[in-house]
Amino acid sequence: QILDLGFNFLSGEIPNMFGNMQSLIELGLNNNKFTGQFPPSITACTTLVGIFIYNNKLTGTLPEDIGALSNLKNFYAFSNEITGTFPSSMSQLSRLKELLISINNITGTIPPSLSNLTSLTYMDMQINQLYGPIPPTLTLQMPTNVVINIAYNYFCGPLPAFCNTGSKTCEAVLLLFTYFLLLQFNIFFSPP
């Protein structure tokens, strides 16, 4: 089943009842005016392949047990007001292909365990409050054609070895092997 309620003027909190829809494959709640937290009850709907909650006014954190969504391939939660850090269980989403969480207020560092997202092809985390160094193992197990956008955050420190292209300068858009990594507006430095 696909439930697409996108592009309406729906408001209020997302109902918990969606977690009871055990045959739901896609949930589209994008481009509405939903507020409140993304309901943790939705993680009980393990058949979900796609969750599209972008362009709302959702607040609070992502559910800690989001990793229970073992079939999830697409998670679009950009353009909200989501806070908190990456749930530790997110690294269990081994089928996840697209993770779009840009334009939120997510904080903390990128967990090295995100390298376990072995099916990932596109990860967009730009315009958040993320900081610290990029984990050197971030792309270790990811496909070689992955696109990662971490622009407009507070990352700092040396670029990880996987960014080494032999160039003496770090361009705003860095193409390496077949990884595509967008780094603009962060604070990186070269090791001495």
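A. Summary view of the confidence of the model for the protein. Residues of the protein with pLDDT of at least 70 account for 84%, and the chain-wide mean is 86. Between residues 165–179, whose pLDDT stays under 50, and residues either more than four places distant or in other chains, the model counts 30 contacts.

B. Structural context of a nonpolar patch on the surface. A contiguous nonpolar patch, built from Ile-103, Ile-127 and Tyr-152 and spanning about 260 Å² of accessible area, is present on the exposed surface. As for its position among the elements, Ile-127 is in the loop between strand S10 (122–124) and strand S11 (129–132).

C. Here's a closer look at the sheet that holds strand S6 (residues 57–59). Here we have three strands laid out as an open sheet, ordered S2-S4-S6, and parallel in their pairing. Unpaired on one side and paired on the other, strand S2 (11–13) and S6 mark the two borders of the sheet. Adjacent strand axes in the sheet meet at a mean angle of 10° when their direction is disregarded. Taken together, the three bridges between strand S4 (residues 33–37) and S6 define a ladder with parallel strand orientation. In the sheet register, Gly-36 faces S6, and the bridge partner there is Leu-58.

D. Quick look at the nonpolar core. In terms of nonpolar packing, the biggest core is built from 41 residues, with Ile-14, Ile-51, Ile-53, Phe-75 and Met-123 touching the most fellow members. Setting aside residues up to four positions removed in sequence, Ile-51 forms contacts with Leu-27, Phe-38, Ile-42, Leu-69, Leu-72, Asn-74, Phe-75 and Tyr-76. Core analysis: the next-biggest nonpolar cluster, separate from the first, contains five residues, Tyr-54, Tyr-76, Phe-78 and Leu-100 among them.

What counts and how
- Residues numbered from 1 in each chain as written.
- Predicted model: local features only at pLDDT ≥ 70, side-chain atom pairs only at ≥ 80, totals over all residues.
- Heavy atoms only, no water.
- pLDDT = per-residue confidence, 0-100.
- Contact = heavy atoms within 4.5 Å.
- Patch = residues over 30% accessible without salt bridge, like charges linked within 9 Å, V, L, I, M, F, W, Y side chains within 5 Å.
- Areas by Shrake-Rupley, 256 points an atom, 1.4 Å probe, with all protein chains shown as cover.
- Salt bridge = Lys/Arg side-chain N within 4 Å of Asp/Glu carboxyl O.
- Helix = DSSP H or I, 4+ residues; strand = E, 2+ residues; numbered from the N terminus.
- Pairing = 2+ DSSP bridges.
- Axes fitted to C-alpha atoms, helices over the stretch in contact; angles between N-to-C directions.
- Core = buried A, V, L, I, M, F, W, Y, C linked by side-chain atoms within 4.5 Å.
- Buried < 20%, exposed > 50% of the residue type's maximum accessible area, 1.4 Å probe, protein only.

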